[in-house]
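The residues making up each chain are set out below.
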Amino acid sequence: MLAGIITIGNIGINGTYIYIGITLLCSLVVYYIMKKIYKWAIKNQMLRFLAYIGASIIIICFTIILGMIQEKDIWQFLKIAMHSLVFLGICLAIFPLLHQFLLKRK
């Protein structure tokens, strides 16, 4: 798709600059979406959710850096990290509900 943009007219724009521009644009969109989500979570006092998001970002960054240092397939590292984060998210959702259920039964 971008190859057609670069070759049309051939005005001397390097393809790398187009990728950088698209990446920055996508980063801005994600930033504004996450800003809305954080405001909503803070308003509703969802500290567990915010901690999960923060931990997920740190773990994903650490996984990418670790994969690059070891010069191995980063996708395998990311797959394992994502599975771990899904398990953590499920546990964070189920354990408080289970705790409330057990308190009501007493």
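Up top is the structure these notes are about.
Rules and cut-offs
- Residues numbered from 1 in each chain as written.
- Predicted model: local features only at pLDDT ≥ 70, side-chain atom pairs only at ≥ 80, totals over all residues.
- Heavy atoms only, no water.
- Helix = DSSP H or I, 4+ residues; strand = E, 2+ residues; numbered from the N terminus.
- Expected span 1.5 Å × (residues − 1).
- Buried < 20%, exposed > 50% of the residue type's maximum accessible area, 1.4 Å probe, protein only.
- Contact = heavy atoms within 4.5 Å.
- Axes fitted to C-alpha atoms, helices over the stretch in contact; angles between N-to-C directions.
- Nonpolar A, V, L, I, M, F, W, Y, C, P; charged D, E, K, R; others polar.
- Parallel < 35°, antiparallel > 145°, perpendicular 65-115°, else oblique.
- Left-handed = near helix turned anticlockwise from the far one by under 90°.
- Phe/Tyr/Trp six-rings, centres within 6.5 Å; stacked < 30°, edge-to-face > 60°.
- Polar contact = N/O pair within 3.5 Å; in protein donor to acceptor, adjacent residues only side chain to side chain.

> Could you give an account of helix 3 (residues 47-70), naming the residues involved and the relevant values?
The end-to-end C-alpha separation of helix 3 is 34 Å, in line with the 34 Å expected for 24 residues at 1.5 Å each. What helix 3 keeps buried is the set L50, I53, S56, T63 and G67. On the buried face of helix 3, the contacting elements are helix 2 (15-43) and helix 4 (74-105).

> Pulling in residues and values, what's your account of the packing of helix 2 against helix 3?
Interaxial distance between helix 2 and helix 3 falls to 9 Å at its minimum, and their mutual angle equals 145°. Residues M34, I37, Y38, A41 and I42 of helix 2 form the contact with helix 3, whose participating residues are F49, L50, I53, G54 and I57. Residues belonging to the contact of helix 2 with helix 3 are distributed by class as follows: nine nonpolar, one polar and no charged.

> Before we move on, could you go through the packing of helix 3 against helix 4 and cite the residues and values that matter?
The N-to-C vectors of helix 3 and helix 4 enclose an angle of 165°; their axes lie 9 Å apart at closest approach. Taken together, helix 3 and helix 4 sit at an angle that is classed as roughly antiparallel. Every pair of crossing elements has a handedness; the one defined by helix 3 and helix 4 is right-handed. Contact residues: helix 3 offers R48, Y52, S56, I59, I60, T63, I64, L66, G67, M68 and Q70, while helix 4 offers I74, F77, L78, A81, M82, L85, V86, L88, G89, L92 and P96. Each residue belonging to the contact of helix 3 with helix 4 can be placed in one class, and the counts come to 16 nonpolar, five polar and one charged.

> Lay out the packing of aromatic side chains in plain terms, naming residues and giving numbers.
For the coordinates displayed, the defined rule picks out one aromatic pair. Geometrically, the ring pair formed by Y31 and Y32 is edge-to-face, given 5.2 Å between the ring centres and 70° between the ring planes.

> Which residues make up the side chain of T63, and what values go with them?
Following the sequence through the fold, T63 ends up in helix 3. In this structure T63 comes out as buried when scored by relative accessible area, which is 9%. Excluding residues that lie within four positions of it along the chain, T63 makes contacts with F77, L78 and A81.

> If you had to explain the side chain of S56 to someone new, which residues and values would you point to?
Topologically, S56 is positioned in helix 3. At 2.7 Å, the side chain of S56 and the backbone oxygen of Y52 are in polar contact.

> Kindly report on helix 2, identifying the contributing residues and their values.
Between its first and last C-alpha, helix 2 extends 42 Å over 29 residues, near the 42 Å set by a 1.5 Å rise per residue. Just downstream of helix 2 lies Q45, where phi reads positive at about 55°.

As far as function goes, none of this settles anything; it's purely spatial.
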